[in-house]
Amino acid sequence: MKKWFLILLIFISVVSTGCKEKSYIVFNREPITPENVLEVDYSFKTGERVYYLITLPEPVLTRQLYVQVFKRDNDEMRYGYKLIYGKTVKLKDEQQYYYTDYFVLNEAGLYEFKVYSKDEPTKELTSNIVHVK
C-alpha cells in the first residue's frame, strides 16, 4: 500500500509540474490515502481536522522538515500575520518523498502553511492557504 502511495505521489508531482519537479502541500477533510489524494479541500469549519500531505520531489538529506502555520490578520491576505504553530518533523524511512499529518484550527480566518527543509532552512519548499469558517 505504501509503495503504491509513493508511486502515485511521484506521478502527480511529475505530471503537474512538467519537467521541473516542485514540492506541494494539499489538504483534505479525511486522512489522505491513494484513493482520495486528488480530492483537495481548502475551506474548513472551526474545530475540524485539516489533514495535509507534503510531497517532496527529492529526499531531504537531514530527514527533517519545519512546518509552520501562520494566521493572516484578514481574509484578503494583506497586512500582518502571526505564527500559530511551528513543528520540526523527523521523516521516517518510508517517508522520503512525502509527509502527512493533521492540524485542528479552532478560530475562523485565513491560514498559511509553510514548509522548509533543514537542509536549506531559509528556502521555502512549499506553501498553501486554508480558509476556516
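Remember, it's a predicted structure, so these values are computed and weren't measured experimentally.

The rules we used
- In this convention, every chain numbers its residues from 1, walking through the sequence in written order.
- Residues qualify for local features only when their pLDDT is at least 70, as the model is predicted, and side-chain atom pairs are given and counted only at 80 or more; totals for whole chains, interfaces and linings, by contrast, use all residues.
- Side-chain measures here rest on the full set of heavy atoms in the structure, leaving out hydrogens and waters.
- For the purposes of this entry, the term helix denotes a DSSP run of H or I that reaches at least four residues, the term strand denotes a run of E that reaches at least two, and both are numbered from the N terminus.
- Pairing between strands requires that DSSP locate at least two bridges from one strand to the other.
- A residue's pLDDT is the confidence the predictor assigns to it, expressed on a 0 to 100 scale.
- Between rings of Phe, Tyr and Trp, where Trp is taken as its six-membered ring, a pair exists when centres lie within 6.5 Å; planes separated by under 30 degrees are stacked, by over 60 edge-to-face, and by other angles tilted.
- Working definition: with a 1.4 Å probe on protein chains only, accessible area under 20% of the residue-type maximum means buried, over 50% means exposed, and in between means partly exposed.
- Criterion for a salt bridge: a side-chain nitrogen of Lys or Arg within 4 Å of a carboxyl oxygen of Asp or Glu.

### Brief notes about unusual backbone geometry
Residue R63 is not a glycine yet carries a positive backbone phi of 60 degrees. Tracing the sequence through the fold places R63 in the loop between β3 (49–55) and β4 (64–72).

### Points about the sheet that holds strand β8 (residues 124–132)
Taken together, the five strands give an open sheet; going across it, the order is β2-β8-β7-β4-β5, and neighbouring strands pair in mixed fashion. Unpaired on one side and paired on the other, β2 (43–44) and β5 (81–90) mark the two borders of the sheet. Where strand β7 (residues 109–117) lies against β8, eight bridges are found, and the strand directions are antiparallel. Residue pairing in the sheet places Y111 in a bridge with V130 of β8.

### With respect to the confidence of the model for the protein chain
The predicted coordinates of low-pLDDT regions are not to be read in fine detail. Per-residue pLDDT for the protein chain has a mean of 84; in total, 80% of the residues score no lower than 70. When the elements of the protein chain are averaged for pLDDT, helix α1 (residues 2–17) gives the smallest value, 55, and β3 the largest, 94.

### So, the packing of aromatic side chains
One pass over the full model with this rule turns up eight aromatic pairs. On the basis of an interplanar angle of 50 degrees and a centroid distance of 6.4 Å, the ring pair of Y52 and Y99 is categorised as tilted. Separated by 47 residues along the polypeptide, Y52 in strand β3 and Y99 in strand β6 (residues 98–104) bring together distant segments of the chain. Y99 matches Y52 in its accessibility class, with the two residues each being buried.

### Examining the pattern of salt bridges
The tally for this structure, following the rule as stated, stands at seven salt bridges. For D101, the salt bridge identified is with K87, shortest N-O distance 3.2 Å. Here K87 lies in strand β5 and D101 lies in strand β6, a separation of 14 residues in the sequence. One salt bridge in this structure joins E124 and K114, with 3.7 Å as the shortest N-O distance. Taken together, the residues span a long stretch of sequence, with E124 in strand β8 and K114 in strand β7 at a distance of ten residues. For K114, a relative accessible area of 18% puts it in the buried group. If you follow the salt bridges from partner to partner, you end up with R29, D41 and E48 in one network.

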